[in-house]
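Coordinate analysis (summary)
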Amino acid sequence: MGSIPDPGELSEMTHPSFDEFQRQASLMASCTLLWKELSDHFTNLEQDLLKKSDALRHKIQTLDHQTKESLDELEKREVSIQGSVQIALGKVEKSMEAALKALEKDGDENGEVDDGDGLLLKLKSFCLEMDASGFWRFITGKKKELKALREKIQLALAECIDPPRFVLEAISEVFPLDKRVEKSDGGNDLGWACVLVLESLIPVVVDPVIGKSRILVTPSMKERAKEIAETWKASLEERGGIENVRTPDVHTFLQHLVTFGIVKREDVDLYRKLVVGSAWRKQMPKLAVSLGLGDIMPDMIEELISRGQQLDAVHFTYEVGLADKFPPVPLLKAYLKDAKKAAAAISEDPNNAGRAMHLAARKEQSALRAVIKCIEEYKLQAEFPPENLKKRLEQLEKVKVEKRKPAAVPANKRTRANNGGPMPPAKAGRLTNAYVSSYPAAPAFVRSPSPSQYLAGVPPYHSPPSMYGSRSPPANPYTYSPEAAPHAGSFPSPPMSYPVYGGYGNAMASAYQPAYYR
């Protein structure tokens, strides 16, 4: 048996190494760090849960508040229906009485309507009699009095027994489809009249108690308005698609939707394309908001910028309050830069010979006026001073005025470059027979030749390149005979050949164009 060592005896002991101590110290440090990380993690989780809980509590309170407001609004709408109906019925009764009185009177339909009161009386007479076709013809014949019409139509429509029906019947000649037999693409467009009447109808059909949130249109008229909108949408393919539809038609359609409150959620993409395609119209930003496009307005603004319509993008930006996200000044400067590039391209285009400078100046002038107006409208003078733009605009207008001034040399003193003889009148170049109709007596423009000239013979007249460019004279020049213009002198007279005056090159025409070819 082995002996048990005595504790009191000294025995050989193994001392812990330094590496082991370092390992244990490192392990303790790792455990401490891990514990701290776990503690911080759970603390953050607790704080996040508290924040989310507070956010949910706030949302619940907000929803409760909104629900209460909605319920109060619905209750108000329900309670106010009776009052609104009574007000509407009272207006209808008054309109019926006024219509009966108007029918009993033998009013002069062709009376003077020069002043505002006369215009209003005439419009009211159509509305009282529910004469939609006469109302439409009268409106379309008064385009020059658009401002007065805008003020009076609303007052006149209030006299109608059924304003929505009256308006739909009035514009039915051209909307949703143009039923006219004879129509033109330009001056006979009546989209402006449709928009004017539809805009004027809105304050007439607004609920008198709760305002614009409810439109007083009967279900039958609203269904009819929906059918008209569907008919217009179905005709897009016949018009060549959204890209080819005319802007006045687009404006009328969108205003029709807003006026009758028949905007559809599923057609938002269609509305967006139509608005972007006609974004240069002044009313489009407001219509876009009324159509429910406010949520996608940033995307629409970016699309306008990408298409080079920075000025339109600025108008949309201010309509929805996104000027911080889309600063207007860089957009306006980019618009001016693009306009200058377009003007330079026009001036360098060989197809615009003779009027390139005029077209380029008009392009730049239009851009400058639009930007200056935008700066003044949105009070951007501090960020974008318009003084330099106005100076540039004045320079362009000054050049345009100088080009219109008459030439320095009068018409009766124009001389030929080759022999110093006076030129014929400017009208000679416009007539078929220049010699017979425009040339004055011979002494007025033919210098008496010297004997040496006749002895040597006078060759046919040719335009020198320095004045008339590289064009050659006519193949069969009109032969002028000195016998037709005798003068003091008995020299032999060989024939002198002159080209027809109308055959001069572009250089002469452009030199006298400001004075004689306006």
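So, here's what we can say about the structure. (Residues numbered from 1 in each chain as written. Predicted model: local features only at pLDDT ≥ 70, side-chain atom pairs only at ≥ 80, totals over all residues. Heavy atoms only, no water.)

Glancing now at the packing of helix H12 (residues 310-320) against helix H14 (residues 356-377). Close contact between H12 and H14 brings their axes to 11 Å; oriented N to C, the two are set at 15°. By the angle between their directions, the pair H12 and H14 is classed as roughly parallel. Crossing hand, H12 versus H14: left-handed. Together, Leu311, Val314 and His315 of H12 and Ala370, Cys374 and Glu377 of H14 make up the contact between the two elements. When grouped by side-chain class, the residues that make up the contact of H12 with H14 number four nonpolar, one polar and one charged. (Axes fitted to C-alpha atoms, helices over the stretch in contact; angles between N-to-C directions. Helix = DSSP H or I, 4+ residues; strand = E, 2+ residues; numbered from the N terminus. Parallel < 35°, antiparallel > 145°, perpendicular 65-115°, else oblique. Left-handed = near helix turned anticlockwise from the far one by under 90°. Contact = heavy atoms within 4.5 Å. Nonpolar A, V, L, I, M, F, W, Y, C, P; charged D, E, K, R; others polar.)

Bridge count between strand S1 (residues 206-207) and strand S2 (residues 211-215): two bridges; the pairing is antiparallel. By the bridge assignment, Val206 is partnered in S2 with Ile215. Here S1 folds back onto S2, and the loop between the two strands holds three residues. (Pairing = 2+ DSSP bridges.)

Moving on, we get to the packing of aromatic side chains. In the structure shown here, the tally under the stated rule is four aromatic pairs. The interplanar angle of 65° and the centroid separation of 5.0 Å between the aromatic rings of Phe135 and Phe166 together place this pair among those described as edge-to-face. Taken together, the residues Phe135 in helix H3 (residues 132-140) and Phe166 in helix H5 (residues 163-171) connect sequence positions 31 residues apart. Residue Phe135 is classed as buried on the basis of its relative accessible area, which comes to 0%. When the centroid spacing of 4.1 Å and the interplanar angle of 5° are considered together, the rings of Tyr318 and Tyr378 count as stacked. One end of the pair, Tyr318, is in helix H12; the other, Tyr378, is in the loop between H14 and helix H15 (387-404), with 60 residues separating them in the sequence. We classify Tyr318 as partly exposed; its relative accessible area is 28%. Looking at Tyr378, the relative accessible area reads 19%, which means it is buried. In this arrangement the basic side chain of Lys333 is found over the ring face of Phe384, its NZ or CZ atom lying 5.4 Å from the centre. (Phe/Tyr/Trp six-rings, centres within 6.5 Å; stacked < 30°, edge-to-face > 60°. Buried < 20%, exposed > 50% of the residue type's maximum accessible area, 1.4 Å probe, protein only. Lys NZ or Arg CZ within 6 Å of the ring centre and 35° of its normal.)

A few words on the nonpolar core. Of all hydrophobic cores here, the largest spans 83 residues; its most connected members are Phe135, Leu254 and Phe316. Ranked by residue count, the leading element in this core is helix H6 (residues 191-205), at eight residues. Contact partners of Phe135, with chain neighbours within four places excluded, come to Leu123, Phe126, Cys127, Ile153, Leu157, Phe166, Ala170 and Val197. (Core = buried A, V, L, I, M, F, W, Y, C linked by side-chain atoms within 4.5 Å.)

A word on the pattern of salt bridges. Taken as a whole, this structure holds 23 salt bridges when the rule is applied. Across the salt bridge formed by Asp249 and Arg239, the nearest N and O atoms sit 2.9 Å from each other. Of this pair, Asp249 sits in helix H8 (residues 247-260) while Arg239 sits in the loop between helix H7 (219-234) and H8, and the two are 10 residues apart along the sequence. On the basis of relative accessibility, which here comes to 15%, the residue Asp249 falls in the buried class. Residue classification places Arg239 among the partly exposed positions, given a relative accessible area of 25%. A salt bridge links Arg392 to Glu364; its shortest N-O distance comes to 2.9 Å. In this pair, Arg392 is assigned in helix H15 and Glu364 in helix H14, connecting sequence segments 28 residues apart. Taken together, the shared-partner salt bridges in this structure form one network comprising Asp189, Arg239, Arg246 and Asp249. (Salt bridge = Lys/Arg side-chain N within 4 Å of Asp/Glu carboxyl O.)

All quantities given are derived from atomic positions and should not be read as evidence of function.
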